[in-house]
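A look at the structure
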Amino acid sequence: MKNMTLCDSTQYVHFLSATESGRAHDKKLADEYALHLPAGCVLRQDLGLLGHAPTGVVVEMPHKKPPKRELTFAQKLYNQLLSPLRVVIEHAHSGIKRLHMVQGTIRLRGEWVRDTVMVVACGLHNLRVRSPHRAYRAPVHAKLANYAE
């Protein structure tokens, strides 16, 4: 089972897709949901979404190592500069998975149960992220601040 999420630099989850089969390809799911993002915003995506480029959005994606060849120095440097920015997304995913029901196998029948559990997990994560007692606060960029509110 898989879900697609969309979060900002503060790890706040803005979008959660419906729970889909693990066999469905990421790009196909991204094309189905067709999100309308503000013009000029930056979308950081992984290599599973290769070829997905919404209009008016700057897409930042790491370079993939070509078969039997190495990446160029510029490509390696780009990947290294992009890596700390992508860590924020991974921290958001791990924050969602703090509700251990999401990590394990849900044996309850019905797709609505899986969706409900994931919505609750994202809601708890967003509550933690917006808490005034949170120890870590990521810097909010001016362009993302308008989108996040």
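Residues numbered from 1 in each chain as written. Predicted model: local features only at pLDDT ≥ 70, side-chain atom pairs only at ≥ 80, totals over all residues. Heavy atoms only, no water.

Quick notes on helix α2 (residues 73-96)
Operational definition: Only DSSP runs of H or I covering at least 4 residues are called helices, and only runs of E covering at least 2 are called strands; the numbering of each starts at the N terminus. Residue count minus one, scaled by 1.5 Å, sets the expected span of a helix. The angle separating two fitted axes, one through the seven residues that finish at a residue and one through the seven that start at it, defines the bend at that residue. Per-residue accessibility, obtained with a 1.4 Å probe over protein chains only, is compared with the maximum for each type, and a residue is labelled buried under 20%, exposed over 50%, and partly exposed between these values.
The end-to-end C-alpha distance of α2 is 35 Å, a good match for the 34 Å that 24 residues give at a rise of 1.5 Å each. The largest bend in α2 amounts to roughly 40 degrees and is located at S83, with the proline P84 lying one to four residues further along. For α2, the full list of buried residues reads N79, L82, V88, A92, G95 and I96.

Description of a nonpolar patch on the surface
Inclusion rule: Patch membership requires over 30% relative accessible area and the absence of a salt bridge. Like charges are linked within 9 Å, and nonpolar side chains (Val, Leu, Ile, Met, Phe, Trp, Tyr) within 5 Å. We get accessible surface area from the Shrake-Rupley algorithm with a probe of 1.4 Å; when it comes to residues, only the shown protein chains can shield them. Any carboxyl oxygen of Asp or Glu within 4 Å of a side-chain nitrogen of Lys or Arg constitutes a salt bridge here.
Residues F73, L77 and L81 make up a contiguous nonpolar surface patch of about 360 Å² in total accessible area. Within the secondary structure, F73 is located in helix α2.

Details of unusual backbone geometry
For Q11, which is not glycine, the phi torsion reads 75 degrees and is therefore positive. Under the relative-accessibility criterion, Q11 is labelled buried at 4%. The backbone phi angle of K68 is positive, close to 60 degrees, even though this residue is not glycine. Structurally, K68 is set in the loop between β4 (58-60) and α2.

Examining the side chain of T10
Threshold: We call two N or O atoms a polar contact when they sit within 3.5 Å, provided that within protein one can donate a hydrogen and the other can accept it, with sequence-adjacent residues counted only if both atoms are side-chain atoms.
Assignment of secondary structure puts T10 in the loop between β1 (5-7) and β2 (13-16). The exposure class of T10 is buried, given its relative accessible area of 16%. Only 2.7 Å separates the side chain of T10 from the side chain of D8, close enough to count as a polar contact.

Observations concerning the nonpolar core
Nonpolar side chains tend toward joint burial in soluble globular proteins. Note the following rule: In this description, a nonpolar core means a group of buried Ala, Val, Leu, Ile, Met, Phe, Trp, Tyr and Cys residues linked to one another through side-chain atoms lying within 4.5 Å. Between two residues, a contact is recorded if the distance between any of their heavy atoms is within 4.5 Å.
The biggest cluster of nonpolar side chains holds seven residues, and these are C7, V13, A92, I96, M118, A121 and C122. Listed by contribution, the elements that provide at least two residues to this core are α2 and α4 (111-130). The leading source of residues in this core is α4, at three residues. In contact with C7, other than residues within four places in its own chain, are Y12, V13, H14, I89 and A92.

Details of the pairing of β2
This is how the line gets drawn: For two strands to pair, DSSP has to find at least two bridges joining them.
As paired strands, β1 and β2 are joined by three bridges and run antiparallel to one another. Across the sheet, residue T5 finds its bridge partner in β2, namely L16. In sequence, β1 turns back onto β2 through a hairpin of five residues, with Q11 there showing a positive phi of about 75 degrees.

A word on the state of the cysteines
Here is the rule: Only a pair of cysteine sulfur atoms within 2.5 Å qualifies as a disulfide here.
With the rule as written, the count across this model stands at zero disulfides. Its sulfur unpaired, C7 is 9.7 Å from the next cysteine sulfur, which belongs to C122.

Structural notes on the packing of aromatic side chains
The geometry of an aromatic ring pair comes down to the distance between the two centres and the angle between the two planes. Formally: Aromatic rings from Phe, Tyr and Trp, taking only the six-membered ring of Trp, are treated as a pair when their centres fall within 6.5 Å; an angle between ring planes under 30 degrees marks them as stacked, one over 60 as edge-to-face, and anything in between as tilted. Look at NZ for Lys and CZ for Arg. If either is within 6 Å of the ring centre and within 35 degrees of the ring normal, a charge sits over the ring.
Evaluation of the coordinates by the stated rule reveals zero aromatic pairs. The ring of Y12 carries the charged tip of R130 above its face, separated from the ring centre by 4.0 Å.

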